[in-house]
Amino acid sequence: MNKVHVVAHTHWDREWYRPFQYFRTKLVFVIDTILNTLENDEEFRFFLLDGQSIVLDDYLEVKPESKERLEKLIGEGRLIVGPWYIQPDEFAPDGESLIRNLLLGISSAEKFGKSMRVGYLPDSFGQSAQMPQILRGFDISSAVMMRGVPAYSLEQTEFKWQGLNGDEVLGVYLPKGYSNAMFLPDSPLKAVARLKEVVGKLKKWSKNGHILVMNGVDHQFIQPSLPESIRAINKVSLNTTYEISSIEQYVSDVAKDAKDLPILKDELLSPDRNRVHSSIASTRIYQKQKNRKMQALLERYVEPIATMAWLHGADYPKDLIWQAWKYLLQNQTHDGICGCCTDGVHQEMDFRFSNVEEIGTTLLKSYSRAIARKINAEKTLLTVFNNSMVKGNQIVKATVFSKTEEIELIDMNGEKIDFVVDVIEEIDAAEMTIWTLYLETPEPYKKIDISFRVNFDFNVGYRLFEISEGKKPQKEITLKSATNAGCETDDYVLKFNTNGTFDLFDKALEKDFKGCHLFEDCGDAGDTYNYSPVANDTVVTSADAEAKIQLVNVNPLKFEYLINLVMQVPETLIENDTKRSTNLIELPIQTRLTVYRNEKRIEFTTEINNNADYHRMRVLFPVGFLAETSFAETQFGVVERDVELNVDDWQEKKFTEKPLPIYSMHKFVCLQNEEYGLAVLNRGLPEYEIYSDGEQSSIAITLLRGVGMLGKSDLLIRPGRPSGIVVPTPDAQCHGKQVLQYALYPFNGRLDEVAISNEAFKFENQNLAVQNCIQMPTLEKKFALILGMASMETITSHVTDSLADIQEKDQVYFSISSPHLIISALKKAEFDDGIILRLYNETSKDIDGVKLSVPDDVVACAVTNFYEDVIENLNVKDHEVILPTVKRYSAITLKLKK
């Protein structure tokens, strides 16, 4: 006996080819109709609101009076919401973003009564290798998906999906999509015919008699006639029963009857039946950069520093932090962060990113300054936080305000610290605050940007330095040679070529990397979904450029170069996008290259003034050997991928698009052989490809990709209909100045041994340095009475007043004995007064016996799941916790209590 589960639903893109308010207007009518239908027809048992809870917030902002109606139906399990807050892209968001998405989605849905506990991912553009782990962390044991599944070889609906760390969920493939029974006819007779046709196509995919029929599509209204149609078809069906069902019921029935299921492993990126749009990672790259920056702002700065303040008595600003997360998550939808919406939608996304930044930076400044001022408000101190949360030496960049240029920096041991003055500026300190701005009494100060090394022998905490007047120390430091032609450090010999590329000799590896930092520009006949090659392309590189190379900074910490060159590139596409124009325009490129003394990382900040259309710009780094696979950071780990794909028969097999070895990454990608490797780190540049010329491979990082249409039909790599709709998107051309940041990191040995993740976190997260006070003696003397009478309460003063006394000493909160356990979250617990510390194992091997040092007043520690439910209690002894085994590429969540 076959059982057909008919799931009534609507797939809700909150914004896409129209802006949010257009779709929200429709949402109000859609939910009104759903409520009326379910309330008036108990036979209409279930309706699925797309596996997300944000639709409730969007609806109730307009119709708050309907809250009780929603609560009743959701509590009864008839109106189904969650587990997601928004339907996410699975590659651009980091692990913490996906966890916060589920944490918020489930908790929001449960406030209304109940959350679905199925990993419903109907339209994500491929499936992340770590999704099974993330779902399992919320006790979700199944995933329903459409894109990326290798249906050509699977040939059935049900399978086991094993993630990168070995966690497993029941996978359900939607072979005919999430809209296989959309818009059923109102006539029961016609609906019966449609349902029979749909089920006939799906039967061959089901191996256990359970068939999933999806009655819905994008923004579809509920169909009140569905119960009548189900009654009608059950009267005429033999050996098959039909019922209005739910995704949860379907998964439960499949799980009971599932036997000997095939296993699919890691990420699923096959486009054989559904498009996955692999090169979408570089669309509107400016928003990919902003997304990464805002994730770091909340995860590495706001939450950890607010947690430190909370440990000293301050209120934890949970609601404000969650508001920032909501704005950020709203930008991580599978259409939004992928860049494939109309320009108007992406302009609204820019505004939400600004909201995240305003909330985040306001909280960060207020809480960090409060801590600094509570330590000591009399003498001038610099508090330097370890925001990378990585141990070891790091370069700190700080801004110091002083009455004189002659200053000293002294650590808590009384040692004078050598530093480099980068910039000195004359300012009026009275203009820095609205309280003194209009007193018309100058308070002259020196604003001094300095750089210095700090050794953090802990993961979470800060170091203190006193700023005092005096002559800064001048230590004798021998600098290797440096000219416009190149430089030498203890690690490298770098020699520039006339075209602006350079040859790098790594002394430890005894290896040459020749021709590094070559720019490549090619045409792009694609759209916001896909890069597509131009049939008769004109590829331009910087190999023949005449670069101007200038050594602009030499100091004990670093050498800095400016590399200026101009590439002549075709202006646009012509002849129905089959050629690039013969009209060339100038593409100015300036790179600031920084070589650090005693640092292996070489950093680049490249500015491109983009005036061309329909093209893609990349930068190339040769590795000196042929690589078969690449290694790229993903959520809580590293995924290995083939450099070349054998897909010559993709058209014969009728794939929806040509599989391309263009991949997503998070903070780094690397190639390695048995001896050494080369990694390229990035700040928000998530796309790479590996080129091979038969002798060696090169890492190619996409710096920008400009296209002018949301969707186009009949691309060379994607035949047939357009993805999305055909509408111009001129903003997606990414005109104007684009600033791109990345770094080069050669390493000795294998990836598991060198902790590349630490370098990536140090590169992405500069340490925050906060001066505790700026004295204004002139103003205080002249306006003592006025200033004394005024109550100038600020957020900072409010937080400062709530803090208990903080000792004037370097502060260590957490320290981890293994460099391979990386901190991904430090925040206050969601549901009680605990601290959540999440770590992950960045290697392919399990790690045992790691020691975690904790604050003196921490008395309890437990392992939790991602929803922060306790799984196992751990012993705290002598301010230390021995962690249980942390599986390969896995995150472990700890809850600590005072």
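Residues numbered from 1 in each chain as written. Predicted model: local features only at pLDDT ≥ 70, side-chain atom pairs only at ≥ 80, totals over all residues. Heavy atoms only, no water.

Undergrad: Can you walk me through a positive patch on the surface in this structure?
TA: Taken together, the side chains of Lys176, Lys204, Arg273 and Lys654 define a basic patch exposed on the protein surface. In this fold, Lys204 is placed in the loop between helix H7 (188–202) and strand S8 (210–215). (Patch = residues over 30% accessible without salt bridge, like charges linked within 9 Å, V, L, I, M, F, W, Y side chains within 5 Å. Areas by Shrake-Rupley, 256 points an atom, 1.4 Å probe, with all protein chains shown as cover. Salt bridge = Lys/Arg side-chain N within 4 Å of Asp/Glu carboxyl O. Lys, Arg positive; Asp, Glu negative; His and termini not counted. Charge placed at Lys NZ, Arg CZ, Asp CG, Glu CD. Helix = DSSP H or I, 4+ residues; strand = E, 2+ residues; numbered from the N terminus.)

Undergrad: Even after reading the chapter, I still don't get the nonpolar core, so can you show me in this structure?
TA: Among the nonpolar cores identified, the biggest contains 100 residues, and Phe814 and Leu894 are the most heavily contacted of them. Aside from chain neighbours lying at most four places away, what touches Phe814 is Phe458, Asn459, Val460, Leu826, Ile835, Leu837, Leu852, Ser853, Val854, Pro855 and Leu896. Counting 56 residues, the second-largest nonpolar core is a separate cluster that includes Ile549, Phe559, Phe604 and Ile608. (Core = buried A, V, L, I, M, F, W, Y, C linked by side-chain atoms within 4.5 Å. Buried < 20%, exposed > 50% of the residue type's maximum accessible area, 1.4 Å probe, protein only. Contact = heavy atoms within 4.5 Å.)

Undergrad: Please clarify how helix H17 (residues 795–802) should be interpreted in this entry.
TA: Helical geometry: 3.6 residues make up each α-helical turn, so side chains three or four residues apart lie on a common side. Turning to H17, its buried residues are Thr796, Ser797, Val799 and Thr800. The arc enclosing the buried residues of H17, seen along the axis, measures out at 165 degrees, which places them on a common side. Buried-residue contacts for H17 involve helix H12 (343–375). (Arc of directions from axis to C-beta.)

Undergrad: Honestly, the sheet that holds strand S20 (residues 502–506) in this entry has me stumped. Any pointers?
TA: Sheet strands pair via backbone hydrogen bonds, and the direction of the pair is either parallel or antiparallel. With antiparallel pairing, the five strands of this open sheet are ordered in space as S17-S18-S19-S20-S21. Edge strands, defined here as strands with exactly one partner in the open sheet, are strand S17 (482–483) and strand S21 (511–516). Strand direction decides the pairing type here: strand S19 (residues 492–496) and S20, joined by five bridges, are antiparallel. Counterpart to Phe496 in the pairing with S20 is Phe502. (Pairing = 2+ DSSP bridges.)

Undergrad: Looking at this structure, I do not really get helix H9 (residues 247–257). What am I missing?
TA: Taken together, the buried positions of H9 are Ile247, Tyr250, Val251, Asp253 and Val254. In an axial view of H9, the angular spread of the buried residues amounts to 165 degrees, which keeps them on one side of the axis.

Undergrad: Would you take a moment to explain the packing of aromatic side chains for this structure?
TA: How two aromatic rings sit relative to each other is given by the distance of their centres and the angle of their planes. Within the structure shown, the criterion is met by 24 aromatic pairs. Taken together, a centroid distance of 6.3 Å and an interplanar angle of 75 degrees make the contact between Phe496 and Phe502 edge-to-face. When its relative accessible area of 12% is taken as the criterion, Phe496 is described as buried. For Phe502, a relative accessible area of 0% gives the class buried. Geometrically, the ring pair formed by Phe604 and Tyr742 is stacked, given 5.2 Å between the ring centres and 15 degrees between the ring planes. Here Phe604 is found in strand S29 (residues 602–610), whereas its partner Tyr742 is found in strand S38 (residues 736–748), with 138 residues between them in sequence. When its relative accessible area of 0% is taken as the criterion, Tyr742 is described as buried. Aromatic rings pair up to connect Phe138, Phe636, Phe831, Tyr840, Phe866 and Tyr867 into one cluster. Taking the ring centre of Tyr867 as reference, the NZ or CZ of Arg117 above it sits at 5.5 Å. When the ring centre of Tyr531 is taken as origin, the NZ or CZ atom of Arg616, which lies over that ring, is 3.9 Å away. (Phe/Tyr/Trp six-rings, centres within 6.5 Å; stacked < 30°, edge-to-face > 60°. Lys NZ or Arg CZ within 6 Å of the ring centre and 35° of its normal.)

Undergrad: I would appreciate a short explanation of the packing of helix H1 (residues 20–40) against helix H3 (residues 67–75) in the present structure.
TA: For any two helices packed against each other, one specifies the crossing angle of their axes together with the interaxial distance. Look at H1 against H3: their axes get within 11 Å of each other, and the N-to-C directions meet at 55 degrees. By the angle between their directions, the pair H1 and H3 is classed as oblique. The way H1 lies across H3 gives a crossing that is left-handed. Of H3, the residues touching H1 (which contributes Ile31, Leu35, Asn36, Leu38 and Glu39) are Arg69, Leu70 and Leu73. (Axes fitted to C-alpha atoms, helices over the stretch in contact; angles between N-to-C directions. Parallel < 35°, antiparallel > 145°, perpendicular 65-115°, else oblique. Left-handed = near helix turned anticlockwise from the far one by under 90°.)

Undergrad: Looking at this structure, how should I read the sheet that holds strand S22 (residues 518–523)?
TA: Taken in spatial order, the six strands make up an open sheet running S23-S22-S30-S37-S36-S33, and their pairing is antiparallel. What marks the edges here is a single partner per strand, and that holds for strand S23 (540–541) and strand S33 (663–664). As judged from the two bridges shared by S33 and strand S36 (residues 687–692), these two strands associate in the antiparallel manner. Its bridge partner being in S36, Ser664 is matched across the sheet by Glu687.

Undergrad: Explain the pattern of salt bridges here, please?
TA: Where charged atoms of side chains with opposite charge meet at close range, the side chains can pair. On inspection of all chains with the given rule, the structure shows 54 salt bridges. The partner of Lys3 in a salt bridge is Asp253, with the nearest N and O atoms 2.9 Å apart. With Lys3 in strand S1 (residues 2–8) and Asp253 in helix H9, the pair connects residues that are 250 residues apart, well separated along the chain.

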